[in-house]
Amino acid sequence: MRKYVDGHLVDIPAADAGIFEKGRAVDPAAALAAARGSWSCTQMQGILALGESKWGEVLAYRAGASWAEKVIIDSAQDWRRTSQNVQFIGYLVGFTDEQMDALFIAAIAADLQ
């Protein structure tokens, strides 16, 4: 694939074509960070994507959690990828950023309507 990048025609491998926007090189890390800001799902989608075992870990932690932590776990109705409350849930189950990204991609793809 050939694209204009910063005013020059260059050959771009097809696998890398997504890191260019309007003919300018885009930093993949910056693009991912910007995308994360728009990722959200319902609590049900998040729990189902997390799975029974991992959600069980959250509930097991909740049994001995402080009142504030219980509120965080129980009140996260709309899960946003960049939310500190959702990051807390990811921390509880030991997820990396990449695993949290995969969780949201799976949750968003789930059609529960």
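Structure's up top.
These numbers were taken from a predicted model, which means no experiment stands behind them.

Now for the nonpolar core. Here is a general trend for soluble globular proteins: nonpolar side chains tend to be buried in one another's company. Ranked by internal contacts, the top residues of the largest apolar core, which has 17 residues, are L50, W55, V58, I73, W79, L103 and F104. Among the secondary structure elements, those contributing two or more residues to this core are helix 3 (52–63), helix 5 (84–92) and helix 6 (97–109). If we skip the residues at most four places from it in the chain, F104 touches W39, S40, C41, W79, R80, R81 and V86.

In this section: the packing of aromatic side chains. Under the defined criterion, the tally for this structure stands at two aromatic pairs. Centroid distance Y61 to F88: 6.0 Å. Interplanar angle 75°. Geometry classified as edge-to-face. Placement of Y61 in helix 3 and of F88 in helix 5 is noted, with a sequence separation of 27 residues between them. The exposure class assigned to Y61 is partly exposed, which follows from its relative accessible area of 32%.

For the pair helix 3 and helix 5, interaxial distance at closest approach is 9 Å and the crossing angle is 100°. Relative to helix 5, the element helix 3 is oriented roughly perpendicular. Touching E57, V58 and Y61 of helix 3 are F88, I89 and L92, all from helix 5. Classifying every residue of the contact of helix 3 with helix 5 by side-chain character gives five nonpolar, no polar and one charged.

To continue, consider the pattern of salt bridges. In total, this model carries five salt bridges according to the counting rule given. Between D74 and R62 there is a salt bridge, with the nearest N and O atoms lying 2.6 Å from each other. One end of the pair, D74, is in helix 4 (residues 67–75); the other, R62, is in helix 3, and 12 residues separate them in sequence. Among the ionic pairs, D97 bridges to R81, the shortest N-O distance being 3.6 Å. Note that D97 is positioned in helix 6 and R81 in the loop between strand 6 (78–80) and helix 5, a separation of 16 residues in sequence. A cluster of three or more residues bridged by salt bridges with shared partners is formed by R36, R81, D97 and D101.

Before going further, it helps to examine the environment of D97. Residue classification places D97 among the partly exposed residues on the basis of a relative accessible area of 41%. Along the primary structure D97 and Q87 are separated by 10 residues, whereas in three dimensions their C-alpha atoms are 9.1 Å apart. Excluding residues that lie within four positions of it along the chain, D97 makes contacts with R36, R81 and Q87.

With that out of the way, let us pick up the environment of A33. Mapping A33 onto the fold places it in helix 1 (residues 28–36). Classification of A33 as partly exposed rests on a relative accessible area of 45%. Separated by 49 residues in sequence, A33 and T82 place their C-alpha atoms 9.1 Å apart.

With that settled, the discussion passes to the side chain of Q45. Considering the arrangement of structural elements, one finds Q45 in helix 2 (residues 43–50). Exposure remark for Q45: the relative accessible area of 13% places this residue in the buried category.

What counts and what doesn't
Residues numbered from 1 in each chain as written. Predicted model: local features only at pLDDT ≥ 70, side-chain atom pairs only at ≥ 80, totals over all residues. Heavy atoms only, no water. Core = buried A, V, L, I, M, F, W, Y, C linked by side-chain atoms within 4.5 Å. Buried < 20%, exposed > 50% of the residue type's maximum accessible area, 1.4 Å probe, protein only. Helix = DSSP H or I, 4+ residues; strand = E, 2+ residues; numbered from the N terminus. Contact = heavy atoms within 4.5 Å. Phe/Tyr/Trp six-rings, centres within 6.5 Å; stacked < 30°, edge-to-face > 60°. Axes fitted to C-alpha atoms, helices over the stretch in contact; angles between N-to-C directions. Parallel < 35°, antiparallel > 145°, perpendicular 65-115°, else oblique. Nonpolar A, V, L, I, M, F, W, Y, C, P; charged D, E, K, R; others polar. Salt bridge = Lys/Arg side-chain N within 4 Å of Asp/Glu carboxyl O.

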